[in-house]
Amino acid sequence: MGEAILSSLVGAVGADRVRISDGRAEYGAAVAQRHGVRWCATNAEAVDGVGAVVIAVKPKDVGGLVGGLAGVLADEALVVSVAAGIPTAFLESRLGAANPVVRVMPNTPATIGQGVSALSAGSHATAEHLERTEALLAGTGTVLRVDEAYQDVVTGISGSGPAYVFYLIDALAEAGVVGGLSREVALDLARATVAGSGAMALASGEHPAILRERVSSPAGTTVAGVRELDERGVRAAVIAAVDAARARSVELGRDLT
Ligand SMILES: NC(=O)c1ccc[n+]([C@@H]2O[C@H](COP(=O)([O-])OP(=O)(O)OC[C@H]3O[C@@H](n4cnc5c(N)ncnc54)[C@H](OP(=O)(O)O)[C@@H]3O)[C@@H](O)[C@H]2O)c1
């Protein structure tokens, strides 16, 4: 996720104004070389004198990392965190200064510039800080704003959502194999169907129920398939999956040390 955001940062401000650090020195240095940015051996070196810092470590590592920035990072520097479940209030308390903090939930299609990110302002972040964050993330795809109270459910939908869609692609392909297709052809059909349907849902702006009705002829093949999805509780399972991811995001925010 950090590398996806790095690409966007380079596009927004230029490689010569971006520095990175990472726990895995060899890996981090290779990433830096790939993007033409400066590699820093320590986080302190990376944040020294910067106007903005993006934190993209696992939620369990955020507390230690941010604690280490206190006193090194300039008080006015913008702090952007993409860590799932970590409230802005926690980051603010660890920083120990009035840094503007923006919490972001991106998703992995950001790696090809087709992600969606939701961002929320911490207590010291203004509209100008949100605009700066939007500009920094523009290369990752769509960026929208939500109240921080909704970040956990956003995590359940769009943060974890790509995994549900990959799961669906895999299941569709498996069905093709059950029906006698080669795995390769079944996967090609499944991938292209999901990509095309997603693109159509976006381009048309129509409600998905309307789009579904349009491809469901009376007594046809599609209604027969959709009836199976309904009878097997797939809609309820999707809602339950999102709710489980939301609950886990809440837990991550509670387990902080
Ligand atoms: N992946 C997703 O789909 C997704 C979606 C939305 C949000 N996010 C959020 O994005 C964040 C990163 O996720 P990821 O999947 O990209 O994780 P990741 O692949 O594990 O990358 C995190 C990197 O941070 C490094 N790191 C850990 N502690 C550090 C420290 N104190 N100083 C410097 N570097 C440190 C790690 O190095 P070591 O291995 O040495 O620890 C690792 O290279 C998470 O908070 C996650 O919630 C991820």
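Per an unreviewed UniProt entry, the chain is named Pyrroline-5-carboxylate reductase, and its organism is Occultella glacieicola. Listed under Function (unreviewed entry) in UniProt, the entry text for the chain is "Catalyzes the reduction of 1-pyrroline-5-carboxylate (PCA) to L-proline." Check the Subcellular location (unreviewed entry) section of the UniProt entry for the chain; it says "Cytoplasm".

Peer 1: Would you mind showing me how to read the UniProt feature "domain: Pyrroline-5-carboxylate reductase catalytic N-terminal" (unreviewed entry) in the chain here?
Peer 2: Per the UniProt record, "domain: Pyrroline-5-carboxylate reductase catalytic N-terminal" (unreviewed entry) is found at residues 1–85. The span residues 1–85 is 46% helix and 14% strand, and its two end C-alpha atoms sit 15 Å from each other.

Peer 1: Is there a simple way to explain the domain arrangement of the chain in this structure?
Peer 2: It is common to report an interface's size as the accessible area lost on association of the parts. Split by domain assignment, the chain resolves into domain 1 (2–147) and domain 2 (161–253). Between the C-alpha centres of domain 1 and domain 2 there is a distance of 33 Å. Across the contact, nine residues belong to domain 1 and four residues belong to domain 2. Between domain 1 and domain 2, the buried area comes to about 390 Å², and carbon and sulfur atoms account for 67% of it. For the interface between domain 1 and domain 2, the tally reads one residue pair in polar contact (both at pLDDT 80 or more). Residues belonging to the side of domain 1 that touches domain 2 are distributed by class as follows: five nonpolar, three polar and one charged.

Peer 1: Would you explain the site of the ligand in this entry?
Peer 2: Of all residues adjacent to the ligand, which total 17 residues, the nearest are Asp22, Gly23, Arg24, Val57 and Ala84. With respect to the ligand, the backbone of Gly23 contributes an N or O atom lying 2.9 Å from a nitrogen atom. When isolated, the ligand has an accessible area of 900 Å², and the protein chains bury 70% of it. A total of three residues in the shell around the ligand trace back to one element, the largest contributor, which is helix α4 (residues 59–69). Of the residues contributing to the shell around the ligand, the split by class is ten nonpolar, three polar and four charged.

Peer 1: What should I look at first to understand the sheet that holds strand β3 (residues 52–55) in this one?
Peer 2: The strands that make up a sheet are held in pairs by hydrogen bonds between backbone atoms, and each pair lies either parallel or antiparallel. Here five strands make up an open sheet; going across it, the order is β3-β4-β5-β6-β7 and the pairing mixed. Single-partner strands in this sheet number two, and they are β3 and β7 (141–145). Each adjacent strand pair in this sheet contributes to an overall mean axis angle of 25°, direction not counted. In this structure, β3 lies alongside strand β4 (residues 78–81), joined through four bridges in parallel fashion. Within β4, the residue paired with Ala52 across the bridge is Leu78. Sheet strands in contact with helix α6 (residues 127–137) are β3, β4, β5 (101–105), β6 (115–121) and β7, and its direction is about 165° off that of β7.

Peer 1: What exactly am I supposed to notice about the packing of aromatic side chains here?
Peer 2: Each aromatic ring pair is described using two quantities: the centre-to-centre distance and the angle formed by the ring planes. Across all of its chains, the model carries zero aromatic pairs by this definition. Positioned over the ring face of Tyr27 is Arg24, at 4.2 Å from the centre of the ring.

Peer 1: Where do I start with the nonpolar core in this structure?
Peer 2: Most often, soluble globular proteins have nonpolar side chains that are buried together. Counting residues in each nonpolar core, the largest one holds 18 residues, and the members touching the most others are Leu6, Ile20, Val37, Val102, Val104 and Leu119. Taken together, the elements giving at least two residues each to this core come down to α1 (2–13), α2 (25–35), β4, β5 and α6. If we skip the residues at most four places from it in the chain, Leu119 touches Val102, Arg103, Val104, Leu130, Thr133, Glu134, Leu137, Val143, Leu144, Arg145, Val146 and Gln151. Leu69, Phe90, Leu95 and Val101 belong to the second-largest nonpolar core, a separate cluster that totals 17 residues.

Peer 1: Looking at this structure, how should I read a nonpolar patch on the surface?
Peer 2: The grouping of Leu181, Val185 and Leu189 at the surface amounts to a nonpolar patch, some 240 Å² of accessible area in total. Assignment of secondary structure puts Leu181 in the loop between α8 (161–178) and α9 (183–204).

Parameters and conventions
- Residues numbered from 1 in each chain as written.
- Predicted model: local features only at pLDDT ≥ 70, side-chain atom pairs only at ≥ 80, totals over all residues.
- Heavy atoms only, no water.
- UniProt positions renumbered as here; feature names shortened; annotations may be inferred.
- Helix = DSSP H or I, 4+ residues; strand = E, 2+ residues; numbered from the N terminus.
- Domains from an automatic or database assignment.
- Contact = heavy atoms within 4.5 Å.
- Buried area = accessible area lost by both parts, 1.4 Å probe.
- Polar contact = N/O pair within 3.5 Å; in protein donor to acceptor, adjacent residues only side chain to side chain.
- Nonpolar A, V, L, I, M, F, W, Y, C, P; charged D, E, K, R; others polar.
- Near = heavy atom within 4 Å.
- Areas by Shrake-Rupley, 256 points an atom, 1.4 Å probe, with all protein chains shown as cover.
- Pairing = 2+ DSSP bridges.
- Axes fitted to C-alpha atoms, helices over the stretch in contact; angles between N-to-C directions.
- Phe/Tyr/Trp six-rings, centres within 6.5 Å; stacked < 30°, edge-to-face > 60°.
- Lys NZ or Arg CZ within 6 Å of the ring centre and 35° of its normal.
- Core = buried A, V, L, I, M, F, W, Y, C linked by side-chain atoms within 4.5 Å.
- Buried < 20%, exposed > 50% of the residue type's maximum accessible area, 1.4 Å probe, protein only.
- Patch = residues over 30% accessible without salt bridge, like charges linked within 9 Å, V, L, I, M, F, W, Y side chains within 5 Å.
- Salt bridge = Lys/Arg side-chain N within 4 Å of Asp/Glu carboxyl O.

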